[in-house]
Amino acid sequence: MKEAFKEALARFASGVTVVAARLGEEERGMTATAFMSLSLEPPLVALAVSERARLLPVLEGAGAFTVSLLREGQEAVSEHFAGRPKEGIALEEGRVKGALAVLRCRLHALYPGGDHRIVVGLVEEVELGEEGPPLVYFQRGYRRLVWPS
């Protein structure tokens, strides 16, 4: 069942985000594809964070986090925050430079979700980057969308 479940979910395309939080001097970020908009009124987003993620206690303690929506070409950024470090990649004021958009959120609610925690954030600020194609993850790899010229 577990392998079939993983295979089925690999067949679902998703955008790629980097979620980050800072608590005192400690700043953590992680790649997340389990992200969605939840509500327009109030503006809420939701994401799943592993109970083992080093980001989780930082996010909980800070009570705030950012979500950077990655663009095509930011594969190295995604890999870096997924635990495969790349030289020269860092957060700038809690966000990924060059992202399609950045959402600055206040922690709204936390819910149990098996081996993950469901994090709900109230979006307090939106930064729009330059438009372009998103970074897409599908069948265990990055994919490209046909983008209008």
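Worth saying up front: this structure is predicted, and the values here are computed from it rather than measured.

**Let's talk about the layout of surface pockets**
The space that makes up the largest pocket amounts to roughly 1300 Å³. What lines the largest pocket is a set of 30 residues, and nearest its centre among them are L9, T33, A34, H116 and Y137. Looking at the lining of the largest pocket, the elements with two or more residues in it are α1 (2–10), β3 (26–32), β5 (44–50), α3 (75–81) and β9 (136–138). It is α1 that contributes the most residues to the lining of the largest pocket, 5 residues altogether.

**Here's the deal with the UniProt feature "domain: Flavin reductase like" (unreviewed entry) in the chain**
Taking the numbering used here, the UniProt-annotated feature "domain: Flavin reductase like" (unreviewed entry) corresponds to residues 9–144. As annotated, residues 9–144 has a helix share of 12% and a strand share of 49%, and its two end C-alpha atoms lie 18 Å apart.

**Looking at the pairing of strand β7 (residues 101–113)**
As paired elements, strand β6 (residues 64–69) and β7 share 6 bridges and run antiparallel to each other. Note on β7: the bridge partner recorded for A64 is R106. One ladder, built from 12 bridges, connects β7 with strand β8 (residues 116–128); its direction is antiparallel. Bridge pairing in β8 places L103 opposite V126. In this antiparallel pair of consecutive strands, β7 and β8, the connection spans 2 residues, and G114 shows a positive phi of 65 degrees.

**Thoughts on the nonpolar core**
V19, L47, V49, L59, F65 and V119 are the most contacted members of the largest nonpolar core, which totals 19 residues. For this core, the elements supplying multiple residues, two or more each, are β2 (17–23), β3, β5, α2 (55–62), β6, β7 and β8. Broken down by element, this core gets its largest block of residues, 4 residues, from α2. In this structure V19 touches R28, G29, M30, A32, L47, L55, L59, F65, T66 and V67, once residues within four positions along its chain are discounted. Ranked by size, the runner-up nonpolar core spans 12 residues in total, among them V16, V18, L70 and V102.

**Observations concerning unusual backbone geometry**
In this structure, P42 follows E41 across a cis peptide bond, with omega equal to 0 degrees. With a phi close to 55 degrees, E93 is a non-glycine residue in the positive phi region. Within the secondary structure, E93 is located in the loop between α3 and β7. Residue class for E93 comes out exposed when judged on its relative accessible area of 68%. For Q139, which is not a glycine, the phi torsion comes out positive at approximately 50 degrees. Within the secondary structure, Q139 is located in the loop between β9 and β10 (141–143). Classification of Q139 as partly exposed rests on a relative accessible area of 38%.

**Quick word on the pattern of salt bridges**
Under the definition given, this model contains 12 salt bridges. One salt bridge in this structure joins R117 and E60, with 2.7 Å as the shortest N-O distance. Separated by 57 residues along the polypeptide, R117 in strand β8 and E60 in helix α2 bring together distant segments of the chain. The class for R117 is buried, based on a relative accessible area of 18%. Between R95 and E127 there is a salt bridge; the shortest N-O distance is 3.2 Å. Placement of the pair is R95 in the loop between α3 and β7 and E127 in strand β8, with a sequence separation of 32 residues.

Rules behind the numbers
- Residues numbered from 1 in each chain as written.
- Predicted model: local features only at pLDDT ≥ 70, side-chain atom pairs only at ≥ 80, totals over all residues.
- Heavy atoms only, no water.
- 1 Å grid on protein atoms, 1.4 Å probe; cavity = no way out; pocket = protein on both sides within 12 Å on 5 of 7 lines; lining within 4 Å.
- Points joined across faces, edges and corners; volume = space filled by probe spheres on them.
- Helix = DSSP H or I, 4+ residues; strand = E, 2+ residues; numbered from the N terminus.
- UniProt positions renumbered as here; feature names shortened; annotations may be inferred.
- Pairing = 2+ DSSP bridges.
- Core = buried A, V, L, I, M, F, W, Y, C linked by side-chain atoms within 4.5 Å.
- Buried < 20%, exposed > 50% of the residue type's maximum accessible area, 1.4 Å probe, protein only.
- Contact = heavy atoms within 4.5 Å.
- Salt bridge = Lys/Arg side-chain N within 4 Å of Asp/Glu carboxyl O.

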